[in-house]
Amino acid sequence: MTLASIANKLPFDVSQTFIGGKWVAPSSSATSKVVNPDTGEDIATVPECTATDVDRAVQAAHTAFYDGPWINEFSGAQRRDAMLALAAAIEEHRKNIELIESINTGKPIVDVRGELDDTIDLFRHFAGYADKVEGRHISSQANANLQAYTTKEPVGVVGFINAFNYPICLLAWKVAPALAAGCTVVFKPGPQTPLTTQYFAYLLEQTKLFPPGVFNVVLGGVEAGQALVEHDLVDKVGFTGSVATGKNVIRSTASTRMVRMASVELGGKSPGVVMPDADLDKTARLVVMGCMSNAGMNCNALTRLWVHRSIYDEFLPKLKAAAEALKLDTPQLEHTEMGPLIDRRQYERVLEYIRIGKEEDGASVLTGGEPALGRGFWIQPTLFYNVDPKACIATEEIFGPVLSVLQPFDNLDDVIETERKSEFGLAASIFSHNHRDITKFTRRLRCGTIWVNTHNPLYSFLPFGGFRNSGFGREMGYESFDGYLVSKAIIDDLS
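Note that the structure is a prediction, hence the values are computed from the model and not measured. (Residues numbered from 1 in each chain as written. Predicted model: local features only at pLDDT ≥ 70, side-chain atom pairs only at ≥ 80, totals over all residues. Heavy atoms only, no water.)

Student: Give me the lowdown on the nonpolar core, citing residues and values where you can.
Tutor: If you look at the biggest cluster of nonpolar residues, it comprises 90 residues, and the most contacted ones within it are Met83, Ile90, Phe123, Val175, Phe200, Phe210 and Phe215. Contacts of Phe215, omitting those with residues within four sequence positions, involve Phe18, Leu171, Val175, Val185, Phe187, Phe200, Ala201 and Leu204. (Core = buried A, V, L, I, M, F, W, Y, C linked by side-chain atoms within 4.5 Å. Buried < 20%, exposed > 50% of the residue type's maximum accessible area, 1.4 Å probe, protein only. Contact = heavy atoms within 4.5 Å.)

Structure representation (structure tokens):
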């Protein structure tokens, strides 16, 4: 089945957007092309929303929150049941969603299936929180005639700006806990990957359980995003993307008339450490997938590798073999293990970093370093070795299939001290069976997620987020749900 055969049967019009419970035409005739990264060919034309459209969406979400039934009449159990129905609808339509996502993003279809599993699980998981919003009763500390207690209430209207790399899955990371808490949402997908967000809006509409304005979609790029984060009726902003844009988002939440809350998940340069006692064959495969999964377009990708001097020369050939064994082919084929970059801009950006690694950083290429397949935005899995830890390719986020194997190390303490000075603090991993080394690494390194003898697995019940330039706030886990609630203190004088 091809995207064209699905597009002709889609039950919604991709030239429209979803605002206030209706599919509407944007105020502008401006459009953008959606491209298949595998071939570089256009696959759809979608609208570019303006500040006027964003205002209409925010007004709809504001009305739904303050005047509608979602928070004022619905019980937590009703919100739970609506979310469970939405999860069921996603599961029913998953074959179409998987194919659209694979073609729009270039992801291997096998990987997209896993992401749909996660998406469905996230809505079911957070549905379970919807009827468990709890406050506290606090015994009087100063006056026996006072009764005090707290309630937890939703923050209000949340404006989300999503990244291109996990369109439907990151939508679930953000939207599921916000809806469970009772918030209303205006959601802007990455401009390269809007199609499954539109499909999601259609499925939400079809459940007939979500009041108009609870979930709204605005499409487009910088103009729509800026209008969303600067809108005074948005109570919280959630953003996933680059450090530079994230800093602008944070500034914008404080630069208008109303100060707003924010949660930002930004960049990463996640280190991995291979100790002498690691299973080298298994670790080589895990490291390669930790870096090359999603063509390296992961904020938590393992892109900075420390290998102990005693195993360095033995480990490099195993790493090379694992990278060269990856199967690059049409993403919809079952055997494909790595896809292309998302678009030409990212493709050229990654090739420029590879050039810098070769010509300016003085790093040696172990394998790869060239375009692949002769079409679209494909680049070979690329490994550099003997890389200076301060080199450009070792310190800047590339967002592509490029791994820097750093100069060999002798002492784990030195590695930890170096990594604690990094501008990033999103994720890290250590490959070892030595409990003392594992404990030292996990306790002393300031990262939001640390894996031991693996890299990349994430779960709906565990929080994900970072420190420093990797952002603040958490996705998934109870911490994410709690981030869409605010505490209110009630003091009752009984005298």
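Student: Summarise the packing of helix H5 (residues 94-105) against helix H8 (residues 195-207); cite the residues concerned and give the values.
Tutor: Contact geometry for H5 and H8: axes closest at 9 Å, N-to-C directions at 160 degrees. Classified by the angle their axes make, H5 and H8 are roughly antiparallel. Note on element contacts: H8 touches H5 through Leu195, Thr196, Tyr199 and Leu203, opposite Asn96, Ile97, Ile100, Glu101 and Asn104. Residues belonging to the contact of H5 with H8 are distributed by class as follows: five nonpolar, three polar and one charged. (Axes fitted to C-alpha atoms, helices over the stretch in contact; angles between N-to-C directions. Helix = DSSP H or I, 4+ residues; strand = E, 2+ residues; numbered from the N terminus. Parallel < 35°, antiparallel > 145°, perpendicular 65-115°, else oblique. Nonpolar A, V, L, I, M, F, W, Y, C, P; charged D, E, K, R; others polar.)

Student: Can you explain helix H15 (residues 412-419)? Please cite residues and give values.
Tutor: Along H15, the residues that are buried comprise Leu412, Val415, Ile416 and Glu419. Taken end-on, H15 shows its buried residues confined to a sector of 95 degrees, consistent with a single buried face. Against the buried residues of H15 lie strand S12 (270-274), strand S13 (302-307), strand S18 (427-431), helix H16 (435-444) and strand S20 (467-468). The residue sitting at the N-terminus of H15 and contributing the capping side-chain oxygen is Asn411; that oxygen lies 2.7 Å from the backbone nitrogen of Asp413. (Arc of directions from axis to C-beta. Polar contact = N/O pair within 3.5 Å; in protein donor to acceptor, adjacent residues only side chain to side chain.)

Student: I'd like a rundown of the pattern of salt bridges, residues and numbers included.
Tutor: Tallying each qualifying case throughout the model produces 24 salt bridges. Taking the shortest distance from any N to any O, the salt bridge between Arg375 and Asp38 comes out at 2.8 Å. Of this pair, Arg375 sits in the loop between strand S14 (364-367) and strand S15 (382-387) while Asp38 sits in the loop between strand S3 (31-36) and strand S4 (41-47), and the two are 337 residues apart along the sequence. Since its relative accessible area comes to 5%, Asp38 is described here as buried. Its salt-bridge partner being Asp281, residue Lys318 comes within 3.0 Å of it at the nearest N-O pair. (Salt bridge = Lys/Arg side-chain N within 4 Å of Asp/Glu carboxyl O.)

Student: Quick one: what's the story with the pairing of S18, residue by residue and with numbers?
Tutor: Regular strands have side chains that alternate between both faces of the sheet. With respect to burial, S18 is a largely interior element, five of its five residues being buried. Where S12 and S18 come together, three bridges link them in parallel fashion. Across the sheet, residue Gly272 finds its bridge partner in S18, namely Ser429. Two elements, S18 and strand S19 (residues 449-452), share four bridges in a ladder whose sense is parallel. Across the sheet, the residue bridging to Ser429 is Trp451, located in S19. Where the polypeptide runs from S18 across H16 and back to S19, its parallel neighbour, the crossover connection is right-handed. (Pairing = 2+ DSSP bridges. Right-handed = clockwise from strand over helix to strand, strands pointing away.)

Student: Kindly report on the sheet that holds strand S7 (residues 157-161), identifying the contributing residues and their values.
Tutor: The six strands lie next to each other as S9-S8-S7-S10-S11-S21, forming an open sheet whose pairing is mixed. Pairing within the sheet leaves two strands with one partner each, and these edge strands are strand S9 (215-217) and strand S21 (471-472). Packing of helix H9 (residues 222-230) onto the sheet brings it into contact with S7, strand S8 (184-188) and strand S10 (236-240), and relative to S7 it is tilted by some 150 degrees.

Student: Quick one: what's the story with the packing of helix H11 (residues 280-292) against helix H12 (residues 312-324), residue by residue and with numbers?
Tutor: Geometrically, a packed helix pair is captured by the angle between its two axes and the distance between the axes. Across the interface, H11 lies against H12 with an axial gap of 9 Å and an inter-helix angle of 50 degrees. In this view, H11 runs oblique relative to H12, as classed from their interaxial angle. Helix-helix and strand crossings are classified by hand; for H11 and H12 the assignment is right-handed. On H12, the residues that touch Leu280, Asp281, Thr283, Ala284, Arg285, Val287 and Val288 of H11 are Glu314, Phe315, Lys318, Leu319, Ala322 and Ala323. Residue composition of the contact of H11 with H12, by class: eight nonpolar, one polar and four charged. (Left-handed = near helix turned anticlockwise from the far one by under 90°.)

Student: I'd like to hear about the packing of aromatic side chains, residue by residue, with values.
Tutor: Considering all chains together, one arrives at 22 aromatic pairs under this definition. With a centroid separation of 6.0 Å and 35 degrees between ring planes, the pair formed by Phe12 and Tyr202 is classed as tilted. Pair noted here: Phe12 is in the loop between helix H1 (3-7) and strand S1 (17-19) and Tyr202 is in helix H8, with a separation of 190 residues, a long-range link. Across the pair, exposure class does not vary: Phe12 and Tyr202 are buried alike. Connected via pairs of aromatic rings, a cluster forms that spans Phe123, Phe160, Phe187, Phe200, Phe215 and Tyr484. Here Lys107 stacks its cationic end above the ring of Tyr166, 3.6 Å away from the centre of that ring. The ring of Tyr484 is capped by Lys236, whose NZ or CZ atom sits 4.4 Å from the centre of that ring. (Phe/Tyr/Trp six-rings, centres within 6.5 Å; stacked < 30°, edge-to-face > 60°. Lys NZ or Arg CZ within 6 Å of the ring centre and 35° of its normal.)

Student: Got a sec to walk through the sheet that holds strand S6 (residues 146-154)? Specific residues and values, please.
Tutor: Spatially, S5-S6-S22 is the arrangement adopted by the three strands of the open sheet, whose pairing is antiparallel. Looking at strand neighbours, the two that pair on one side only are strand S5 (136-138) and strand S22 (485-493), the edges of this open sheet. Across the sheet, the mean angle separating the axes of adjacent strands is 20 degrees when strand polarity is ignored. Here nine bridges tie S6 to S22, and the two strands are oriented antiparallel to one another. For Gln147, the partnering residue across the bridge sits in S22 and is Asp492.

Student: Account for the side chain of Thr303, with residues named and values stated.
Tutor: Relative to the assigned elements, Thr303 resides in strand S13. Look past the residues within four positions of Thr303 in its chain and what remains in contact with it is Lys269, Ser270, Cys291, Val402, Leu403 and Ser404.

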